[in-house]
Amino acid sequence: MSRHLDAEFHVRGTSRYVDDHPRPENMLHLALFGSPVAHGRIASVDTQAARAADNVVAVFTVEDIPGDPWHGPVVQDEALLAAGEVRYIGQPIALIAATDVASARRAAALVSVDIEPLEIVTDPRVAHARGDLFGVERTFAQGDVDAVWDTCATIVEGRSELAGQEHVYMETQRARAYPREDGGAQVMASTQGPTMVQKCVARALGVALHRVEIDVTRLGGGFGGKEDNANSIASLAAVAARLTGRPAELVLDRATDMRITGKRHPYSSDYRLGLSEAGDILAFEARHYQNAGGYTELSPAVLERTLFTSCNTYNIPNFRVHAACCKTNIVPNTAFRGFGAAQGLWVIECAIHHAAEQLGVAAETLKARNLVHDGDWFPYGQQVAHEHAHMCWDAADAQFDLAATRAAVDAFNADHSHIKKGMAVLPICHGVSFTKIPLNQGQALVHVYQDGSVTLSTGGIEMGQGLSTKLAAIAARAFGLSMERITVQSTNTFRTANMGPSAASATTDLNGNAVLVAAEKIRERVLAFAGQRLGVDAERLAIVDARLTCDGDDADWSWNDLIAQAFLNRINLSDHGFYATPGIAFDPAVEKGQAFAYHVYGTAIFEVAVDCLRGTYEIERIRIAHDMGRPLNEAVDIGQIEGGLIQGIGWMTCEDLRFDAESGACTTATHASYKVPGVYMVPDDLQIHLLEDPGNSVGPYSSKAVGEPPFLYAPGVYFALREAIRAFNPSGPLPFDAPMTPERTLMQLYAGRIDDMIEARSSPADTTPSA
Amino acid sequence: MTSAVEFLLNERVERAAADPALPLLDYLRDRRRLVGIKEGCHEGDCGACAVLLGRPGSDGVWRYNSVTGCLLPLADVAGAHVVTIEGLNRRDGGLTAIQSAIVDGYGSQCGYCTPGIVVSLTELVLAADRVPDRDDIRRTLGGHLCRCTGYGGLLRAGDRLIEVLATLALPADMPALVEINMLPAWFADIDDLRAQLGERPAAAEHDGLAFAGGTDIYTRGPSAGSAGGPFRRLADDARLTGIQGSADTLRIGAMTTTRQLMESAQMAALMPSIATDLLPVAAQTIRNRSTLGGNIVTGAHNADLATIMLGLDATLSIIAGSSERRVALADFYGADGRLDLGPDEIVAAVHLPRVADRRVNFERVSKRSHHDKAIVNTLMSCRVVDGRLVDVRLAASGVGLHPLRLSEAEGWLEGRAVDTDTVTGTLERLAIGLAPVDDYQGSARYKRLLLRQLVVAHFAELFGDDIDLEALTMAVAS
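Residue positions are given per chain, counting from 1 as you read along its sequence in written order. Just so you know, chain letters begin at A and ligand numbers begin at 1, following the order they were written in. Given that the model is predicted, a residue must reach a pLDDT of at least 70 before its local features are reported, and side-chain atom pairs must reach 80 or more before they are shown or counted; all residues, however, enter totals for whole chains, interfaces and linings. The side-chain figures draw on all heavy atoms in the structure; neither hydrogens nor water molecules are used.

(A) Examining the interface of chain A and chain B more closely. Facing the 102 residues of chain A at the interface are 94 residues of chain B. Once two parts are brought into contact, the accessible area they lose, counted with a 1.4 Å probe and summed over both, makes up the buried area. Here chain A and chain B share an interface that buries about 8100 Å² over both sides, 56% of which is from carbon and sulfur atoms. When the buried surface of chain A facing chain B is broken down by residue, Arg12(A), Met170(A) and Tyr680(A) rank first, second and third, together holding 11% of it. The salt bridge criterion pairs a side-chain nitrogen of Lys or Arg with a carboxyl oxygen of Asp or Glu, the two atoms within 4 Å. Seen at the junction of chain A and chain B, the total is 14 salt bridges. Between two residues, a contact is recorded if the distance between any of their heavy atoms is within 4.5 Å.

(B) Spatial organisation of the sheet that holds strand 8 (residues 112–117) of chain A. DSSP-based pairing: two strands are paired if at least 2 bridges between them are found. Only DSSP runs of H or I with at least four residues qualify as helices, and only runs of E with at least two residues qualify as strands; both kinds are numbered from the N terminus onward. Pairing within the open sheet is antiparallel, and its 3 strands lie in the order 6-2-8 (chain A). Edge positions in the open sheet fall to strand 6 (85–86) and strand 8 of chain A, since each of these has one partner strand only.

(C) Region of the structure containing the confidence of the model for chain B. All names here are of chain B. Every residue carries a pLDDT, the predictor's confidence in it, which falls somewhere between 0 and 100. Here chain B averages 93 in pLDDT, and 95% of its residues register 70 or above. Below a pLDDT of 50 lies the segment residues 222–226, which in the model reaches 15 contacts outside its immediate sequence neighbourhood of four places, other chains included. Confidence estimates for the predicted assembly give a pTM of 0.97 and an ipTM of 0.96.

(D) How the structure looks around the pattern of salt bridges. Summed over all chains, the structure comprises 81 salt bridges over all chains. Arg272(A) serves as the salt-bridge partner of Glu157(A), at 3.4 Å between the closest nitrogen and oxygen. Of the two residues, Glu157(A) is situated in strand 10 (residues 154–162) and Arg272(A) in strand 15 (residues 267–275); the sequence distance between them amounts to 115 residues. A 1.4 Å probe rolled over the protein chains alone gives each residue an accessible area, and that area as a share of the maximum for its type sets the label: buried under 20%, exposed over 50%, partly exposed in between. Looking at Glu157(A), the relative accessible area reads 51%, which means it is exposed. Taking the relative accessible area as the measure of exposure, Arg272(A) reaches 27% and is therefore partly exposed. Arg338(B) serves as the salt-bridge partner of Asp336(B), at 3.1 Å between the closest nitrogen and oxygen. Judged by relative accessible area, Arg338(B) falls into the exposed class, the value being 61%. Overlapping salt bridges bring together Asp19(A), Asp20(A), Arg174(A), Arg29(B) and Lys38(B) as one network.

(E) Up close: unusual backbone geometry. In this structure, Pro739(A) follows Ala738(A) across a cis peptide bond, with omega equal to 5°. Along the chain, Pro739(A) turns up in the loop between strand 30 (736–738) and helix 19 (742–749). Residues Cys148(B) and Thr149(B) are joined by a peptide bond in cis, for which omega reads -15°. Here the phi dihedral of Asn55(A) falls at roughly 70°; this positive angle occurs in a residue that is not glycine. If you trace the backbone, Asn55(A) turns up in the loop between helix 2 (48–52) and strand 3 (56–60).

(F) Seen up close, the sheet that holds strand 29 (residues 685–690) of chain A. Residues and elements named next belong to chain A. Pairing is mixed in the open sheet, where 4 strands are placed in the order 18-27-28-29. With one partner strand each, in any of the chains shown, strand 18 (419–432) and strand 29 form the two edges of the open sheet. Looking at each pair of strands side by side, their axes are set apart by 20° on average, direction ignored. Strand direction decides the pairing type here: strand 28 (residues 616–626) and strand 29, joined by 6 bridges, are parallel. Bridge pairing in strand 29 links Ile622 to Leu686. Packing against the sheet, helix 13 (residues 402–415) makes contact with strand 18 and strand 27 (598–611), and its axis sits at approximately 150° to strand 18. Where helices are involved, their axes are fitted lines through C-alpha atoms of the stretch in contact, as for all axes, and angles between N-to-C directions lie from 0 to 180°. Across the sheet, helix 18 (residues 715–728) lies against strand 18, strand 27 and strand 28, angled at about 155° from strand 18, the strand it touches most.

(G) Geometry of the packing of helix 18 of chain A against helix 19 of chain A. All names here are of chain A. Closest axis-to-axis distance for the helix 18/helix 19 pair is 9 Å, and the angle between their directions is 30°. The angle between the axes of helix 18 and helix 19 places the two elements in the roughly parallel class. Relative to helix 19, helix 18 is oriented so that their crossing is right-handed. Residues Tyr718, Ile725 and Phe728 of helix 18 touch helix 19, and the partners they reach there are Thr745, Gln748 and Leu749. In the contact of helix 18 with helix 19, the residues fall into 4 nonpolar, 2 polar and no charged. Working rule for angles: under 35 degrees goes down as roughly parallel, over 145 as roughly antiparallel, 65 to 115 as roughly perpendicular, anything else as oblique. Handedness of a crossing follows from how the near helix is turned relative to the far one, being left-handed for an anticlockwise turn of less than a right angle and right-handed for a clockwise one. The residue classification treats Ala, Val, Leu, Ile, Met, Phe, Trp, Tyr, Cys and Pro as nonpolar and Asp, Glu, Lys and Arg as charged. All others, Gly included, are polar.

So this is what it looks like as structure tokens:
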């Protein structure tokens, strides 16, 4: 199997991220001054002191932006530098350019602003009640929920609170811009969406797209946080470059990044679930209040994904789910691996666990009997086809024995009073495609050079997910070469135009298929040339291990010689591939359509142990049966599954993102206060079983997307913890609030008794021990 | 303020003309443009800027610790050997066995955390006096955040490394480690390199903030540039180092690092669980730098070392010039939040009494199980004489301005029999005088409950058979 293509650079520390590239002469360093308050009207901004500070070259505010300062992926409602109003703490107001980074940051602290405060809202339900929404409330529905409640044997209803999540990409937001002679800019950006950045920069500079070059070598982590957050960072660098005529670099320090960039959306949700006597789901109704933050950003798209995933992998004949983007005064929240899907899945899972607890049955029995079958309908109007939900569930059962696991947990709990175990089974179903249909296109430019080496440029971004490795594998296979003959170039808007962002788990599918198209065109021309030379039908020729074969026998022609000859004979050795996912459509007017090319399925089993004295816990075992199609690179895919899973577990356990309700301040905006999982979070017993070649007709070489689906397993850890807590405290009414921090764990273990436990008895009169 | 700081940087002698307070990370990345070192947080929490810091111990043997460059002032590398990722690369472009293990284990995804991890794994290999196990690998990786998160691949890389090390007689010298490709070739000639380093100049006495390991001071300032300074560096003051035992006390120099405390046999004799108790306290990269004195003087409301020392009845030796005075640690933290420490005074050492047959238990809970600040911690020590508790010390942090002794509870416990009623009486007296606050770590209500539970845990750990845990946790089921 091939290695991760970048790993040899990574381990030597020679991989280049934006600010690792040699600095150009006279480059400026930038820093931001942001709003000290979460909501208000700017009366005046005073930049005098900052301008006068040592080594400062310029200070810019919104009036200085040469083009249109307004930006946003859905609605252009936020200015690159605040114009009139601020809606969240840290919203950029001024941009400082200095000859060194320390001077720029020091000068930023010298800017002052006079802001007339406006009311701060941080609760999405409050915003919703006032009608402060981005866009309109949306509803996905099928069947008739109202008609069936009366026929349900069991109905549960409740509410859940779900915190957001900070991306903590290890490389903070950054960009370096060079001014161009034509008023445009050349930008090295850390972005998942070069075209998005290109559009934002062009708008800010007031030039057409063809004057803006965006180049991306790789990201030090993205996870959605650089899908749209990156646009303003790159645009501000480009504005400074244009206005000063010098290269300019903006690198956010960690605290600033955590304070001002959008994160995973917190959600507050209500649900109602109805079951038949036998345990079939008859009806599900929910309302999601998405905490969108101060500006529209990608919130409506994230919200849509919530609606698409609100049924998870269950057949729900009567379904009605409402969702709204609620406008509040926290950072404008954005994409994050799972992109609203995780929040949608979370609520139906809460409802099922709630019902199971009420009925006194194991939740997995309800889940197993309600998995979708081919022919069922997803609530968004797509009929279930090529369903692998049962295949995954059955594989998990066969490999890891659900009943035995359950029996072992129950037996342990019967024997132990202060350590309780819990288990949960979490099946997932993730639709693959951008639900915004135009984004489902991929492009590749493939060159074969005279020496036989091959290079690829695509619209995909390497951000650790192994895209380059997979693209190179696809090209190598198409050409019959080893991976060493292939390089994958930076992603560049002048080599690839009109790209969608690297997101929605679709990057390999779209760009890999495009590579395949381009490579096959070149291969066919080369083989046609060889056939002509050899006087045989090209159909009989192939390239295997960099040698030409005819009917499977070596034709005594190496790839290198063949290419050299083809060049001399003026055969075109370059081509462009284009791929658009076939057969998908979605009509938001009726909220129905064949939204996804296919679905990824999987089943995870979590086992945890809770220390009921201290409220701490350990994840003991995670076992997963996952549907990867036919993997392009199994080790890379395992890394993605483990990575998404652990990232999700962080969201569900120790990542405790907090905003102060009164000030709107993020109170956990440092590494010291916001804890992402460390190596101790990963259990030794973490087993991943990939389904054996279930196939997939759409992905390149029958592979399946892998980026986001494994993240969706994470709520399983929450439900396993909840079960262990309930084994200790079966009577307490426990809320469905995540994450399950040690604090929540302890408070739930003793819910109902805490006042008695912590109260100081003021009767220590007799403190002398009796003899 | 600029002065020349001389040290070894990889294979060469480096003379850095810069502010001695400048963090090494900024010097290397910004001034020297050695960009293999990455900035992830600039607060010592992510490990992306790890470098090896080598210096000779009191025995003359050079030891290399992995430390975070962001919290390390240039002044502290004077006369030392700094090895960055660039220094761990083979000149021929090939990979060392450590690097290959990560590549083959698919332990690198976006790559940003990877150079620091190579550095820390090298620390493990350099210090290995036996074949490491997975616990050692986890301890080594503990301070490195991989957000992608490739921990599974890194653990598999660690397994490969263990296999390679198992083929070697350990401890191995540099040439042997070079021979099996754990290190690039230049390490074989490291003695010659060290000989090029001039005599280390005596540290200049500066006025200013007393500076020990920097793991607190350097997280306070702005993330760019220096942390301020000038500092009065304590690292070279011999009066502040070493762990020496006498018949009835143990003297621990204030500059003793958390790591040294963890690994001290003398400390373990006083408190056998010290190594495991301190494992969750910070990351190894931080434990290599943070000091006992720093922890005590910083006196954070949730300090770990200070709580332990408080519960072990520590006395501080405080010096000013040539004078010395002693103060009980319990009296060092004033009720008003102030420390009993004059502006010119330095905590030089901690003295722990040796108490025969003492029982000790330490408890702490943090949001992330390891490498995170305690929300609440507590240490209990006592003796049992004729079935009764004697010399009871109960210290806790996270429930007040500074680490404190729970004197009401201690008073209640002294002389009582070990039984459930005694514990119940203790719990009733816990809340007296405590003022935990609501903050991002948790609500005041939670902290009160947690302290109660951890005190119950003391009794469960120390006297499990003598108390009715069921009754004390008020099993909600009943």
